[in-house]
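Listed here are the chains, written in short residue letters.
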Amino acid sequence: MFKLARSTIKIVLNLAALIVLLSTLQGCVSTDDQTQVSSKNNNGLGAWVSVSQQQNQQALDEEKLWQSAYKRKQQLADLYQQILTATPDNKVVEDIRYRLAELYTYQVEQVQGDELVASDLEDNSVADSAQKSNEMLRSNIERFKELLASYPNNSNNPKIYYQLAKSYSLLGETLLSLQSLEKLAELYPTSPYLEEVYFRIGDIYFSHNNYPRARDALTKALAVGQGKYQNNALYMLAWSQFKLSDYQNASQHFIKLIVQSGEVAKLKQGGASSMITDAQRALILLLSQQETGQQEATPQQTENPLVALIDHAQQQGLDTTELEPILYQKLAQFWLAKDLKNEALATYLTYIERKPENFAAAEFLLAVIGLYPENSTKAFAYKVQFVEDYFVGTNAWNKFTDQQQQQILANLSQFSLLKARQLYATAQDTYYELEKDEVVAYRAAAIWFEKYLLSQQKLAQLNLTTDVQDKLIQQLMLAAQARYIASDYVASIEHYQKLVQLQPDNADSLYSLIIVYQQALKHLNQAQPQQKFTELQLSNYWRDFISLYPADRRALYMARQLADYAYAQQDLVSLISQQQFIIQHLDAKTKDKQQASLLVANLQYQLKQYVESEQSYQQALLYIDKNNQKDLFKQTQNLVAASAYFYAQALLELEPEQAAKQFLKVADLAFSNEYTQNALTQAADILMEQVDKSQGVAVLKRIRKQYPNSDYAKAVPAKLAKVYTDQQQWSLAAKQLELIAKNTNIKQPEGYELARQAQYTAAEYYAKDNDMEAARLALRTYAHNYPKPFDMAQEVRLKMAEFYTQPRDLNKKYFWYRKIVQFHKKEARLHSGEVLQRSEYLASFAAFELAKAHHQTFARVKLVVPLQQSMAKKQQAMKDAIYYYQQVMDLALIDFVPQANFHLAELYRTLAREIMQSERPAELDELALEEYELILEEVAYPFEEKAIELHQVNLARTWTNQYDEWIAQSLDKLAALVPAQYKRSLIEVDIYEELN
């Protein structure tokens, strides 16, 4: 029954508590919802509320929430009180009392919070809050004590003891708080509060100057766990030991605290917490006291406290790598603040000795340097040490970060230069009996100069260069000189090469480089074959010097050296270049200048650089005395012409027009030379290929005039003839052709044919140009000079005959007709079977024309008294006519024979008739006249008979199927002469029948 009632009460209690909690939470939710709604409503006009109004609203909202939570706790406490009076169950009562104790503790904390807020706001209610808090604390203390007395075995008692100690502490009753804490530690050695408990105990003892007890309690606090009080416990323990003069342990705990705190980096930067900063200061103070205490001990008994401390910490597994340089730095600063420079130096040097390759050691060495006067021996020695220990490439340097390297580069540069200058000055001021000693001295100086230069180079790469360019150049020059004196030619050359780059306008640097390189070339190629010093490179340096500093007096020396090298290498182009430079810089009209000019010209000529060689030979002429050096002067003139000529030759293939101009230039040189004729001929050949050949024609005429006996001059007419022919200037072309014919050796078959064709074509061209007289003369020359080929010669004779159309020129015409007949007869005798039909025709035609001419002469001669005289003339004319008619008859061409036959018959008939009709002598009487007439008849009769006979011969040709007008006329004549026998109608019928 009791158990059931107790269970029922417990259920009711739990339900009631749940209802209260839910209602309270509902109120919170409602408040939150209202707040959210209010926030949402702020999207409208509320959005214009000022910032200060929003902040005030936020403060009010927070206040409401706090009040809500506090009110809820208060309601729970009231509910528990109601239940406590209502339940008879002791266990429930016990639980409620402990729960109430917790709620009241919460209320106290809230009141104390109000007190703090009021204090911050300087509220007048601070005193009221404090009084209320104290009252609540004392009430709670009583409750805690009652609980502990009533329920000594309750599992919540450790917490009650903890709260009891805390309440006493808050009331300032530290001894009562201490008792509660010690009771808690005694009764509950496994309590989760134990670490804090021991810490609080130690803190109370420390505040009461009970350092041994504090030390013990704090030691226990450190031993029971690794909670949030570890660092605080370490801190208090170290101070406790410090107060107990246990400096060693105090130092060890301070350093452990600093390492474990994770604030070493912040400590270095000055951003560590106050506890860690204080621990560091205390540790430095401890170390200083320990070092001061050891000053009275013997050196064998002393050990640097900081060294020992660090070693011990490392043995305990602490990583002091980052902290160690900080402690050394702080300790040194401590000594310096006390004006104890030696102690500070010792501190710095101790670390440097221990950790020489750490960057802090480099920083400390700089600090050491800074503690000495700038120019002191000690400072100088440490500067040298700094460079030796931390220069680029050392182990220490390689371990540094990029940032750390950058930090010390300027120092390395500065210190290196100091040492370098000191060594160089010493080397200069010292007399060395042995050369090797001097070499060593200057080499050492060079090494330090090179350190300086390397550091400056790295600074330049980082845009951190500290020295001006002139200063760098000065030191680089000293390094180069030192290396040179030390016979370190390779390094010296490298330095001078850099100097040349840095001083593009400084001839001395390049000159020095050349001097050093020459020495290297002499000494190192044999001693150190791996070093490839070449004359080629040296020649390049000579060339650079000449190019960059042509006005420098040393450039002439370089040019001569380079010329010798070029000659040795058969580098003619370079040799020319140097000789030209020498010419420019030698005094005017010296022997050397003459020789140099000729050498350049000859080399250019050899290289077929004809334009250049022409100019050079022209220049050389200026330095030759033409009165005393006539042969040389003449020879050089010829070489001028040769250069110009061969340059023209070089242009022939690709630039013929330019070549022609160049050839003419050769021909126009003021002095005559052996190339003039060839130049003209080649220019002519080129120009004659051009569309406009006028210039070419002029050159051809010039050739013919200047060199009339040359082979080319002989060919000029042919070239001109072609040009004039192409231009249809027929008469001009004909004249050239006549020259060809005239100047050609016709004794040779080829020459004969060439001359013959040229002569004939000339006649044709004259004819084309209507210059018939010139054509006649040309053909006449042809006819007289070129009997072969025969047929062509006959045609030409015919043409010649045709030229004479005027009566006064008939004899000339007949002359050529006679030539045709004569040459035909001659040819026929020599080549009877080979005479061409055309020649027979021409001969027949010519003979017939001659016969006709004589026939006409015959007709013109009148028979008068005295008959013998006129008859003689007429007979001669008849004889000549008969001769040529007979020639026609002998040639037997059907085109001419009937006609000639007819005319021949008529010649006889006419003579017979004219004899009968001739004049009678006046003195004859009738008888004599009759007798005279009979004589005439006797004379005329044979001629008439001969005429009949010839007409009959002509008529007889009808029997050989020949019949033309001349045969018909012969028939008519026969019909008239012998009518009875040759009646025309009958004869024609017979002829017709015969022909058919």
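Reading the values: rules and limits
For every chain, the first residue of the written sequence is number 1, and numbering continues from 1 along that sequence. Local features in this predicted model are restricted to residues whose pLDDT is 70 or higher, and side-chain atom pairs enter the listing and the counts only when it is 80 or higher, whereas totals over whole chains, interfaces and linings include all residues. To get the side-chain values, all heavy atoms of the structure are used, and hydrogens and water are removed first. A run of DSSP states H or I qualifies as a helix once it reaches four residues; a run of E qualifies as a strand once it reaches two. Both are numbered from the N-terminal end. Buried residues are those whose accessible area, probed at 1.4 Å on protein chains only, stays under 20% of the maximum for their type, while exposed residues exceed 50% and partly exposed ones sit between those limits. Only heavy atoms matter for contacts: two residues are in contact if any of them lie within 4.5 Å across the pair. For every accessible area listed, the method is Shrake-Rupley and the probe measures 1.4 Å; residues are considered covered only by the protein chains on display. Fitted lines through C-alpha atoms serve as axes, helices being fitted only where they are in contact, and the angles separating the N-to-C directions of these axes extend from 0 to 180 degrees. An angle below 35 degrees is treated as roughly parallel, one above 145 as roughly antiparallel, one from 65 to 115 as roughly perpendicular, and anything else as oblique. Crossing handedness is defined as follows: a turn of the near helix away from the far one that is anticlockwise and smaller than a right angle gives a left-handed crossing, while the clockwise case is right-handed. Under this grouping Gly is polar, as are all residues other than the nonpolar Ala, Val, Leu, Ile, Met, Phe, Trp, Tyr, Cys and Pro and the charged Asp, Glu, Lys and Arg. Every residue is assigned a pLDDT by the predictor, reflecting its confidence on a scale from 0 to 100. The length a helix should cover is 1.5 Å for every residue beyond the first. UniProt positions are given in the numbering used here, feature names are shortened, and annotations may be inferred rather than shown by experiment. Throughout, nonpolar core names a set of buried Ala, Val, Leu, Ile, Met, Phe, Trp, Tyr and Cys residues whose side chains join them through atoms within 4.5 Å. Residue ranges for the domains originate in an automatic or database domain assignment. For this analysis, a salt bridge means a side-chain nitrogen from Lys or Arg found within 4 Å of a carboxyl oxygen belonging to Asp or Glu. Under the pairing criterion, centres of Phe, Tyr and Trp rings, with the six-membered ring standing for Trp, must be within 6.5 Å; the plane angle then separates stacked pairs below 30 degrees from edge-to-face pairs above 60, leaving the rest tilted. Grouping into patches uses exposed residues only, defined as over 30% relative accessible area, and leaves out salt-bridged ones; the cut-off is 9 Å for like charges and 5 Å for nonpolar side chains (Val, Leu, Ile, Met, Phe, Trp, Tyr). All tallies of charge rest on Lys and Arg as positive and Asp and Glu as negative; His and the ends of each chain are not included. One atom stands in for each charge, and that atom is NZ of Lys, CZ of Arg, CG of Asp or CD of Glu.

## Brief notes about the overall build of the protein chain
The helix and strand tally for the protein chain stands at 44 helices and zero strands. Classification of the 996 residues of the protein chain by burial places 45% in the buried group. Within the protein chain, residue pairs in contact and separated by at least 24 positions form 56% of the contacts whose partners lie at least 6 positions apart. Here the protein chain has roughly 54000 Å² of accessible surface; of this, 50% comes from carbon and sulfur atoms.

## Some remarks on the packing of helix 29 (residues 630-651) against helix 30 (residues 656-667)
The angle between the axes and the distance between the axes are what describe a pair of packed helices. The N-to-C vectors of helix 29 and helix 30 enclose an angle of 165°; their axes lie 8 Å apart at closest approach. Considering their axes alone, helix 29 and helix 30 lie roughly antiparallel with respect to each other. You can see that helix 29 and helix 30 cross each other, and the crossing is left-handed. Two secondary-structure elements touch here, helix 29 through Ala641, Ala644, Tyr645, Tyr647, Ala648, Gln649 and Leu651 and helix 30 through Pro656, Gln658, Ala659, Gln662, Phe663 and Val666. Its residues assigned to classes, the contact of helix 29 with helix 30 comprises ten nonpolar, three polar and no charged.

## Observations concerning unusual backbone geometry
In this model, Lys788 is joined to Pro789 through a cis peptide bond whose omega is -5°. Summarising the element assignment, Pro789 is placed in the loop between helix 36 (772-785) and helix 37 (790-803). Pro866 follows Val865 through a cis peptide bond whose omega is 0°. Secondary-structure assignment places Pro866 in the loop between helix 39 (837-860) and helix 40 (867-891). Its identity is not glycine, yet Lys608 carries a phi of approximately 65°, on the positive side. On the secondary structure map, Lys608 appears in the loop between helix 27 (591-606) and helix 28 (610-622). Its relative accessible area of 61% is what places Lys608 among the exposed residues. One non-glycine residue with positive phi stands out, namely Asn770, at about 60°. The class for Asn770 is exposed, based on a relative accessible area of 64%.

## A look at the confidence of the model for the protein chain
Fine structural detail should not be taken from predicted coordinates in areas where pLDDT scores are low. In this model, the protein chain carries an average pLDDT of 82, and 85% of its residues clear a pLDDT of 70 or more. Here residues 1-56 is modelled with pLDDT under 50, and outside its nearest four sequence neighbours on either side it reaches 29 contacts, counting other chains as well. This model gives residues 297-301 a pLDDT under 50, and the stretch forms one contact once residues within four places in sequence are excluded.

## Topic: helix 36
If you check helix 36, its first and last C-alpha atoms are 20 Å apart, about what 14 residues at 1.5 Å a residue would give, namely 20 Å. Buried within helix 36 we find Ala774, Ala775, Arg776, Ala778, Leu779, Tyr782 and Ala783.

## A few points about the UniProt feature "repeat: TPR" (unreviewed entry) in the protein chain
The sites that carry the UniProt feature "repeat: TPR" (unreviewed entry) are, in the present numbering, residues 195-228. The annotated region residues 195-228 carries 79% helix and 0% strand content, and the separation between its end C-alpha atoms amounts to 9 Å.

## With respect to the environment of Leu365
Counting through the fold element by element, Leu365 comes out in helix 16 (residues 359-370). For the pair Leu365 and Leu349, spaced 16 residues apart in sequence, the C-alpha separation works out to 7.4 Å. In this view, Leu365 contacts Ile352, Tyr382, Gln385, Phe386 and Tyr390; residues no more than four positions away in its chain are not counted.

## Points about the nonpolar core
Counting residues in each nonpolar core, the largest one holds 158 residues, and the members touching the most others are Phe254, Ile255, Leu323, Phe386, Tyr390 and Leu412. Looking at which element gives the most residues to this core, the answer is helix 20 (residues 435-461), with ten residues. Of the residues that make up this core, three or more belong to each of domain 1 (356-486) and domain 2 (488-533). If we ignore the near neighbours within four places in the chain, the residues touching Leu323 are Ile255, Ile258, Val259, Val264 and Leu267.

## Some points on the packing of helix 30 against helix 31 (residues 676-687)
Two elements in contact, helix 30 and helix 31, have axes whose closest approach is 8 Å; the angle formed by their N-to-C orientations is 150°. For the element pair helix 30 / helix 31, the angle class is roughly antiparallel. Viewed along their axes, helix 30 and helix 31 form a crossing whose handedness is left-handed. For the pair formed by helix 30 and helix 31, the contact residues are Pro656, Glu657, Ala659, Ala660, Phe663, Leu664, Val666 and Ala667 on the first element and Thr676, Ala679, Leu680, Gln682, Ala683, Ile686 and Leu687 on the second. Looking at the contact of helix 30 with helix 31 residue by residue, the classes come out as twelve nonpolar, two polar and one charged.

## As for the pattern of salt bridges
Side chains that differ in charge, positive against negative, can pair when their charged atoms come close. Scanning the entire structure with this criterion turns up 25 salt bridges. Residue Glu173 is joined to Arg138 by a salt bridge in which the shortest nitrogen-to-oxygen separation is 3.2 Å. Here Glu173, found in the loop between helix 5 (157-170) and helix 6 (174-187), pairs with Arg138, found in helix 4 (residues 126-150); they are 35 residues apart in sequence, far enough to count as distant. Classification of Glu173 as partly exposed rests on a relative accessible area of 22%. The salt bridge involving Lys852 is made with Glu849; its shortest N-O contact spans 3.7 Å. In this pair, Lys852 and Glu849 both sit in helix 39, three residues apart, roughly one turn of the helix. Classification of Lys852 by relative accessible area gives partly exposed; the value is 28%. Linked by salt bridges that have partners in common, Arg443, Glu450, Arg483 and Asp488 make up one network.

## Brief notes about the packing of aromatic side chains
Summed over all chains, the structure comprises 47 aromatic pairs. Aromatic side chains Tyr752 and Tyr786 sit 5.4 Å apart centroid to centroid with 65° between the ring planes, which places their arrangement in the edge-to-face category. With Tyr752 in helix 35 (residues 749-768) and Tyr786 in the loop between helix 36 and helix 37, this pair connects stretches of sequence that are 34 residues apart. Look at Phe848 and Phe896: their rings are 6.2 Å apart centre to centre, the planes differ by 50°, and that puts the pair in the tilted class. Taken together, the positions of Phe848 in helix 39 and Phe896 in the loop between helix 40 and helix 41 (897-916) put the pair 48 residues apart, joining distant regions of the chain.

## Section: the environment of Ser245
Relative to the assigned elements, Ser245 resides in the loop between helix 9 (230-243) and helix 10 (247-261). Relative accessible area serves as the criterion here: at 48%, Ser245 is assigned to the partly exposed category.

## Details of a negative patch on the surface
On the surface, Asp925, Glu926, Glu930 and Glu931 cluster together to form a negatively charged patch. Owing to a relative accessible area of 48%, Glu931 belongs among the partly exposed residues under this scheme.

## Here we look at the side chain of Asn901
Note on placement: Asn901 falls in helix 41. Given the relative accessible area of 0%, Asn901 is considered buried. Apart from residues lying up to four places away in sequence, Asn901 is in contact with Met889, Leu950, His951, Val953, Asn954 and Arg957.

## Some words on the side chain of Lys419
Secondary-structure assignment places Lys419 in helix 19 (residues 402-429). Glu388 is the oppositely charged side chain nearest to the buried, salt-bridge-free Lys419, at an N-O distance of 6.5 Å. Leave out the neighbours within four places in its chain, and Lys419 touches Phe380, Val384 and Trp448.

## Focus: the environment of His855
Its location among the elements puts His855 in helix 39. Remark: the alpha-carbon pair of His855 and Ala881, spanning 26 residues in sequence, is separated by 5.3 Å. Residues within four places of His855 in sequence aside, it is in contact with Ala881, Tyr885, His903 and Leu907.

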